[in-house]
Amino acid sequence: MAKFLFITDLDNTLVGDDEALAELNQALHQHREDHGTILVYSTGRSPVLYQELRQEKEMLDPDFTVLAVGTLIYSQNSEEPDPEWVEFLSPGWSREEVVAIAAHFADLVPQPPSEQTAFKASYFLEETVAPQLLPQLESALQKNGLDVQVIYSSGQDLDILPRRGNKGAAVQFLQKRLEMSPDRTVVCGDSGNDIAMFQPGVNRGVVVGNAKPELREWHEASNSADFYLAKAHCAGGILEGLRHFGFLQP
């Protein structure tokens, strides 16, 4: 047993089975005490919704939080976003221009103000409309010279982010800062906005058993031994995956 970097999505990944979460919390707490394992929560939630979840569920205090689909990083004792990450995301990004272009698409319904951050513009989009609208939106953003990406997940959530800003880039940023190797890094997720975290040769990955179709299909297509599709759901699936890779004892 040795120190590892543990990065997990929250909704329907870490959270969703309270009994399994309690067991996982105990195992991770002991491993952190014994070996110095580093715990990171990586979620699409805004700071407001993240704090709401912390009030609702028994969760360990993380060493870092990655919020708003990878566009905000906070260290454990800081109330301000990591300044190095802010500087990294800024080139080629103009939130005002993004919002102005998105306003031309009537099917894009802005999410509440709490979900809008400096490096993320978020909308609701019906799944039936998405296949036709997404290419048009991406083309319009590209024509205006914006270096952005569009992430659609869970059949309803659309986020427009800086090209550099996603959960996967945040994983690599933290790996470099913490000097953690790929074989000692594991990520866990359940939906489309987690796909960026799963990078062959960069980390190990656990896809929980209740994962949504977009992640399950991606996992099957990737066919990589670096990633494991658990049978159990939520925290139970994480435990299963951590034991599969040898990060935790059976």
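Anything mentioned here points back to the structure above.
Let us look at the structure shown here. (Residues numbered from 1 in each chain as written. Predicted model: local features only at pLDDT ≥ 70, side-chain atom pairs only at ≥ 80, totals over all residues. Heavy atoms only, no water.)

**Notes on the overall build of the protein**
- A count of helical and extended segments in the protein gives eight helices and eleven strands.
- Whereas a compact globule of 250 residues would reach a radius of gyration of roughly 18 Å, the protein reaches 18 Å, a difference of no more than 12%.
- When the backbone C-alpha atoms are referred to their principal axes, the protein occupies close to 55 × 35 × 35 Å.
- Partitioning the contacts of the protein with sequence separation of at least 6, the portion at a separation of at least 24 is 60%.
- Summed over all atoms, the accessible surface of the protein reaches about 11600 Å², with 48% contributed by carbon and sulfur.
- For the protein, the distance from the average position of its 19 positive side-chain charges to the average position of its 37 negative side-chain charges is 4 Å. (Helix = DSSP H or I, 4+ residues; strand = E, 2+ residues; numbered from the N terminus. Rg over C-alpha atoms; globule rule 2.2 N^0.38 Å. Contact = heavy atoms within 4.5 Å. Areas by Shrake-Rupley, 256 points an atom, 1.4 Å probe, with all protein chains shown as cover. Lys, Arg positive; Asp, Glu negative; His and termini not counted. Charge placed at Lys NZ, Arg CZ, Asp CG, Glu CD.)

**Notes on the side chain of Asp-190**
- As for its placement among the helices and strands, Asp-190 is situated in the loop between strand 9 (185-189) and strand 10 (204-207).
- Of the residues examined, Asp-190 reaches a relative accessible area of 2% and is grouped as buried.
- Polar side-chain contacts of Asp-190 include one of 3.0 Å to the side chain of Thr-13.
- Each residue touching Asp-190, except ones within four places of it in the same chain, is listed here: Asp-9, Asp-11, Asn-12, Thr-13, Val-208, Ala-211, Lys-212 and Leu-215. (Buried < 20%, exposed > 50% of the residue type's maximum accessible area, 1.4 Å probe, protein only. Polar contact = N/O pair within 3.5 Å; in protein donor to acceptor, adjacent residues only side chain to side chain.)

**A closer look at the packing of aromatic side chains**
- Applying the stated criterion across every chain, the model contains nine aromatic pairs.
- Taken together, the ring pairs connect Phe-4, Tyr-228, Phe-245 and Phe-247 into an aromatic cluster.
- If you follow Arg-164 out to its NZ or CZ, it ends over the ring of Phe-88, 4.4 Å from the centre. (Phe/Tyr/Trp six-rings, centres within 6.5 Å; stacked < 30°, edge-to-face > 60°. Lys NZ or Arg CZ within 6 Å of the ring centre and 35° of its normal.)

**Here we look at the nonpolar core**
- Grouped together as the largest cluster of nonpolar side chains are 43 residues, with contacts concentrated most on Leu-108, Leu-137, Leu-141, Leu-158 and Ile-160.
- A per-element tally of this core places helix 5 (residues 130-143) first, with six residues.
- Beyond its immediate sequence surroundings of up to four residues, Ile-160 is in contact with Trp-93, Val-98, Phe-119, Lys-120, Ala-121, Tyr-123, Leu-137, Leu-141, Val-148, Gln-149 and Val-150. (Core = buried A, V, L, I, M, F, W, Y, C linked by side-chain atoms within 4.5 Å.)

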